[in-house]
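Observations on chain architecture
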Amino acid sequence: MSDAAPDSPTEAPVTPGPVTRKSSRVKLSPRVIQWLFAGITLASVVGVVFVALRQAGPVSAKQDRPVAKARKGEFLVILSCRGELIAGKSIQILAPTKVPDLRITWMAEQGSTVKPGDDIIKFDESGARRQLQETEASLNQAQASMDQAIAELRMTEQKDSLDIADARTAVENAKLDVSKADVVSRIQADEYKLDLRLAEEKLRVKEAGARLSTASGESKIAQLRTARDKNKTEADITRDRIGRMVVKSPSVGVLAFLMNYSRGWMNATPFKVGDNVWAGSAIAEIPDIDTLQMKARVEEMDRSRMTPAQDVRIVLDPFPEKQYPGKLSRLSPLIEQNFEWPPSRNFRAFADFEKVESRLRPGMNGRLDVIVDRIADAISVPAKAVFTRNGKPVVLVPAGTTLRPVEVAVVARNPDEVAVKGLEAGATVALIDELNEPKGAPKQ
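For the structure given in this document, a descriptive report is provided here. (Residues numbered from 1 in each chain as written. Predicted model: local features only at pLDDT ≥ 70, side-chain atom pairs only at ≥ 80, totals over all residues. Heavy atoms only, no water.)

**What to know about the environment of Glu134**
- With respect to the helices, strands and loops of the structure, Glu134 is situated in helix α3 (residues 126–178).
- On the basis of relative accessible area, Glu134 is assigned to the exposed category, the value being 53%. (Helix = DSSP H or I, 4+ residues; strand = E, 2+ residues; numbered from the N terminus. Buried < 20%, exposed > 50% of the residue type's maximum accessible area, 1.4 Å probe, protein only.)

Written as structure tokens, this is what we have:
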């Protein structure tokens, strides 16, 4: 039958559906993964071992150990000592005397350069100005009282002069009446004589009263003048105090304020605004920079090797890159005791600069290198390059990957370098003794 359903698979109808793609990822078996993991682990272990062996193994002397070259030239034998800069000449600034209640209200900057006449310190002058106003008021009152007393005396003197003049007129009239005694009766003549005596007595009384008034007035004026002069003197003193409450620079230089020990030695600090100052105390100083010198402490064993006029090199802590040449000017003849802790006793050496720079300041700490000898054409190496073998000094010369000890003789020694014999100029020497280092010790 032609319309029967086909049962052959080739004739079955095709149903459309999603198209699936074949995966390109390669699947590894567990055994292959284990082999790969083992290989990676082995490579890591080999790398770590290689790095460790490379670090622990010998390398070239140029890369592994610090070295230095032996230098040939003049070798300076020096004695080093510590010290500080001081000024050979300085001017102290003192607080004004006979001025009470000194309190600083303004100060110039520490370390600033000042010229003659510049303001350095100002004190509180409010109390002095209030006192000046009161004194000037008393002075004006005393002056007015004295002027009034003088005017009153002048008026009294004028009145007394008029009274004396009237009394003299009366005496003259009485004398005229007495002269008429020959032409008048005896009784009238006696009356005229009595009137004359009374007029003369009144004249003497008026003159005595005038003298008394003048003396009394002059005494009162003298008292008022004394009071006026006292107030004037107090006003002048107060004005002078106010003028001295502004301290000015007496010379050119660098201003340095001193320590204020009013709170004790342990709490001492430089003077500052607000501090109370006692009269006549030293507040600051202006050192002359051109007279700066190094004052150093010298040990007793080094004192005998130093003499004045020796060349020196001054190295200051603020400027370690520069050496200042100079001369040793003097040495203290006796040991001096210092007040540092722990206390010590040393000689003092003073050295002058060949040229003083403007940036130098008193109080800077530094090192004084005194050149006590000069060795020409000496072979010198760093002090770190000299070691000891069997009680003898040696230097270690690189030979391939090892070091070879070379015995030398020490001619002179400085803190940083040593003059030796038995070594050629330009030879390379090691700065670390690797031959005596224990195995496994870390390299420096």
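Next, the rest of the story.
**Examining the sheet that holds strand β13 (residues 282–287)**
- Spatial strand order, β3-β13-β9: three strands in an open sheet with antiparallel pairing. The open sheet has two edge strands, β3 (90–94) and β9 (256–257), and neither has a second partner. (Pairing = 2+ DSSP bridges.)

**Observations concerning the packing of aromatic side chains**
- For the structure on display, the rule yields one aromatic pair.
- Aromatic pair Tyr324 and Phe353: ring centres 5.7 Å apart, planes at 80°, arrangement edge-to-face. Here the residue Tyr324 occupies a position in strand β16 (residues 319–331), and Phe353 occupies one in strand β18 (residues 345–353), the gap between them amounting to 29 residues. Taken individually, Tyr324 and Phe353 each receive the classification buried, so the pair is uniform in this respect.
- The ring of Phe347 has Arg303 lying over it, and the distance from NZ or CZ to the ring centre is 5.5 Å.
- Between Arg330 and the ring centre of Phe350, over which it is positioned, the NZ or CZ distance is 3.8 Å. (Phe/Tyr/Trp six-rings, centres within 6.5 Å; stacked < 30°, edge-to-face > 60°. Lys NZ or Arg CZ within 6 Å of the ring centre and 35° of its normal.)

**Things to note about the side chain of Asp433**
- On the secondary structure map, Asp433 appears in the segment after β25 (428–430).
- Only 2.8 Å separates the side chain of Asp433 from the side chain of Arg389, close enough to count as a polar contact.
- If we ignore the near neighbours within four places in the chain, the residues touching Asp433 are Phe387, Arg389 and Leu396. (Polar contact = N/O pair within 3.5 Å; in protein donor to acceptor, adjacent residues only side chain to side chain. Contact = heavy atoms within 4.5 Å.)

**Topic: the pattern of salt bridges**
- By the definition in use, this model includes 30 salt bridges.
- Here Asp119 ties to Lys122 by a salt bridge, and the two come within 4.0 Å at their closest N and O atoms.
- On the basis of relative accessible area, Lys122 is assigned to the partly exposed category, the value being 31%.
- Residue Lys322 is joined to Glu357 by a salt bridge in which the shortest nitrogen-to-oxygen separation is 2.1 Å. A residue pair is termed long-range when its members are at least 10 positions apart, and Lys322 in strand β16 and Glu357 in the loop between β18 and β19 (365–382) qualify at 35 residues.
- Through salt bridges with shared partners, a single network forms among Glu74, Asp311, Lys327 and Arg374. (Salt bridge = Lys/Arg side-chain N within 4 Å of Asp/Glu carboxyl O.)

**Some points on the side chain of Gln310**
- Residue placement: Gln310 occurs in the loop between α5 (300–303) and β15 (311–316).
- Of note is the side chain of Gln310, whose polar atom sits 3.3 Å from the backbone oxygen of Arg305.
- In contact with Gln310, other than residues within four places in its own chain, are Arg305, Gly326, Lys327, Leu328, Val370, Ile371 and Val372.

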